[in-house]
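A closer look at the structure
Each chain is listed here by its residues.
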Amino acid sequence: MIKSLALIAVFLGVIPFLLGLLYSGFIKEEKDNILLHMAAGYVILFGLFEILALPMIWTGQSLSVLALLYGGILIFASAVSLLLHFRRIPGIFLGTACAVKRFTLCIYAQLLLIVMQIFVYLRYQYTNADDSFFVASAATSLATDTIFAVNPYTGAEYASLPSRYVLSPFHAFTAVIGKMTDTHPAILSHMVFMIVFLVLSYAVYTLLGRAFFAYDMERTGYFLVILSGLHLFSAYSERTSGLFLLIRLWQGKAILAGILLPMILYLGVRIFLLEGSRADWVLLFVLMWACCMVSSMGIMLGAVMLGILGILFAFRKRSLRLLFGAAACCFPNLLCAGIYLVIR
């Protein structure tokens with residue numbers, strides 16, 4: 001158990017932070033914000049998996065090969081990041097400690113709300129019919145050392161790849177992380193992912209609040225508390241993004257709604273309003289891969305959201321460059337959509 005917890009801390013904590021440093025080394029605003037490092041790191045973590053997994057699925061490679069290649073690239077990239085940016089790390093943590101001293105009452109209230117939500121995750125369990133495919137697919141892949149080769153419902157081999165799911169292999173990501181951390185996919189999904197992704201979601205919302213309110217901590221605190229209140233009272237339907245965030249955040253579609261789509265909005269603000277750098281464009285491109293990886297809905301919704309932002313700001317600023325940049329970032333979505341139309 002201690003070994004698994006240590007590996008989880010490395011692959012879901014240390015490595016995303018180091019990957020985020022690779023991005024933040026090329027930006028100016030928020031470059032020492034630990035929340036941005038983690039958010040960017042997870043975007044890279046998800047996007048890289050999609051880029052690696054798709055060709056390996058089509059060529060029939062085993063889960064072990066995918067885990068070995070993915071883990072090797074992550075460790076290599078993290079080592080490079082550490083060598084390049086190790087001098088920045090103490091300053092980042094020192095800046096975080098100084099920021100904690102300036103927390104307002106609303107920020108502490110928001111932290112209490114997050115702790116309460118984590119307690120609910122730990123104390124209770126929500127089961128969902130989608131687990132019979134997604135969590136079962138991860139467990140099946142881990143047991144058979146395959147990717148999309150065995151039907152989790154019947155145990156029989158697929159006659160052909162399932163077109164609805166093959167382009168969004170989030171279950172394979174769960175299986176790979178489970179293999180690398182020696183953790184069963186069901187435990188990883190219901191205990192680890194829910195807590196890690198909940199904190200990550202509010203990290204993205206904090207970045208959004210800071211961007212909306214010119215880095216004003218008090219207003220950002222109000223924004224987060226109101227947002228949490230909306231989430232807590234969003235159970236009027238099973239399909240709201242708030243309810244997805246609260247009860248089923250181990251599923252790819254909930255990660256899309258609670259983390260990645262807000263991250264598109266945040267990067268849109270950085271690029272279109274704050275005159276973001278080329279690194280922001282690169283991260284946005286990787287984010288589109290990440291949207292495709294977590295859910296088939298992300299293939300369309302990610303492109304639609306970015307397309308709307310691109311059109312609005314291109315019209316506002318009378319800049320075709322912004323429109324062409326947004327269109328170029330949608331290449332992963334268009335590629336996956338084209339593949340789907342061919343294989344369906």
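All figures in this text were calculated on a predicted structure; none of them were measured in a lab.

Counting secondary structure elements, the chain contains 15 helices and zero strands. The globule rule puts the C-alpha radius of gyration for 344 residues at 20 Å, and the 20 Å found for the chain is close to it. Taking the principal axes of the C-alpha coordinates as reference, the chain spans close to 55 × 50 × 50 Å. For the chain, the residues scored as buried account for 52% of the 344 residues in total.

Taking a probe equal in size to a water molecule and rolling it over the atoms shows the remaining empty space. The calculated volume of the largest pocket comes to roughly 850 Å³. Looking at the lining of the largest pocket, the elements that each hand over two or more residues are helix 1 (2-24), helix 2 (34-58), helix 4 (89-101), helix 5 (105-123), helix 8 (185-212) and helix 9 (217-232). Classifying every residue of the lining of the largest pocket gives 21 nonpolar, eight polar and four charged.

With that out of the way, let us pick up the side chain of Thr 206. Along the polypeptide, Thr 206 turns up in helix 8. Looking at Thr 206, the relative accessible area reads 16%, which means it is buried. Beyond its immediate stretch of four places on either side in the chain, Thr 206 contacts Leu 35, Thr 220 and Leu 224.

Position of Lys 28 among the secondary structure elements: in the loop between helix 1 and helix 2. On the basis of relative accessible area, Lys 28 is assigned to the exposed category, the value being 74%. Spatially, the C-alpha atoms of Lys 28 and Gly 276 are 8.6 Å apart, while their sequence positions differ by 248 residues.

Once that is clear, we can look at helix 4. The terminal C-alpha atoms of helix 4, which comprises 13 residues, lie 19 Å apart, in line with the 18 Å expected from a rise of 1.5 Å per residue. For helix 4, the set of buried residues is Ile 89, Ile 92 and Ala 99. The buried residues of helix 4 occupy an angular sector of 85° when projected down its axis, which confines them to one face. Seen from the buried face of helix 4, the exposed residues on the opposite side, beyond 90 degrees, are Pro 90, Leu 94 and Lys 101. Buried residues along helix 4 sit against helix 1, helix 2, helix 3 (63-85) and helix 9.

A separate point is the side chain of Glu 50. Relative to the assigned elements, Glu 50 resides in helix 2. It is Arg 164 that comes nearest to the buried, bridge-free Glu 50 among opposite-charge side chains, at 15 Å. Residues contacting Glu 50, with those up to four places away along its chain left out, are Leu 167, Pro 169, Trp 289, Cys 292, Met 293 and Cys 336.

Take the nonpolar core next. Membership of the largest hydrophobic core comes to 101 residues, with the highest contact counts inside it found for Phe 46, Phe 173, Phe 197, Leu 260, Met 263 and Leu 287. Here Phe 173 is in contact with Leu 45, Phe 46, Phe 49, Tyr 70, Phe 193 and Met 293, once residues within four sequence places are set aside. If you look at the next biggest cluster of nonpolar residues, it comprises five residues, including Phe 17, Leu 18, Ile 89 and Ile 92.

Below, the discussion takes up the pattern of salt bridges. One pass over the structure, following the stated rule, counts four salt bridges. The closest approach of N and O atoms between Glu 30 and Arg 210, which form a salt bridge, is 2.8 Å. Taken as a pair, Glu 30 in the loop between helix 1 and helix 2 and Arg 210 in helix 8 lie far apart in primary sequence, 180 residues in all. The same class applies to Glu 30 and to Arg 210, which are both buried. Of the charged contacts in the structure, one is a salt bridge between Asp 280 and Arg 270, with a shortest N-O distance of 3.0 Å. In this pair, Asp 280 sits in helix 12 (residues 278-294) while Arg 270 sits in helix 11 (residues 252-273), placing the two residues 10 residues apart along the sequence. Both residues of the pair, Asp 280 and Arg 270, belong to the buried class. Each of the salt bridges in this network shares a partner with another, and the network as a whole consists of Glu 29, Arg 270 and Asp 280.

Okay, the environment of Pro 169 next. Tracing the backbone through its elements, the reader meets Pro 169 in the loop between helix 6 (134-144) and helix 7 (170-181). The contacts of Pro 169, once residues within four sequence positions are left out, are Phe 49, Glu 50, Ala 53, Ile 57, Phe 148 and Met 293.

Thresholds applied
Residues numbered from 1 in each chain as written. Predicted model: local features only at pLDDT ≥ 70, side-chain atom pairs only at ≥ 80, totals over all residues. Heavy atoms only, no water. Helix = DSSP H or I, 4+ residues; strand = E, 2+ residues; numbered from the N terminus. Rg over C-alpha atoms; globule rule 2.2 N^0.38 Å. Buried < 20%, exposed > 50% of the residue type's maximum accessible area, 1.4 Å probe, protein only. 1 Å grid on protein atoms, 1.4 Å probe; cavity = no way out; pocket = protein on both sides within 12 Å on 5 of 7 lines; lining within 4 Å. Points joined across faces, edges and corners; volume = space filled by probe spheres on them. Nonpolar A, V, L, I, M, F, W, Y, C, P; charged D, E, K, R; others polar. Contact = heavy atoms within 4.5 Å. Expected span 1.5 Å × (residues − 1). Arc of directions from axis to C-beta. Lys, Arg positive; Asp, Glu negative; His and termini not counted. Salt bridge = Lys/Arg side-chain N within 4 Å of Asp/Glu carboxyl O. Core = buried A, V, L, I, M, F, W, Y, C linked by side-chain atoms within 4.5 Å.

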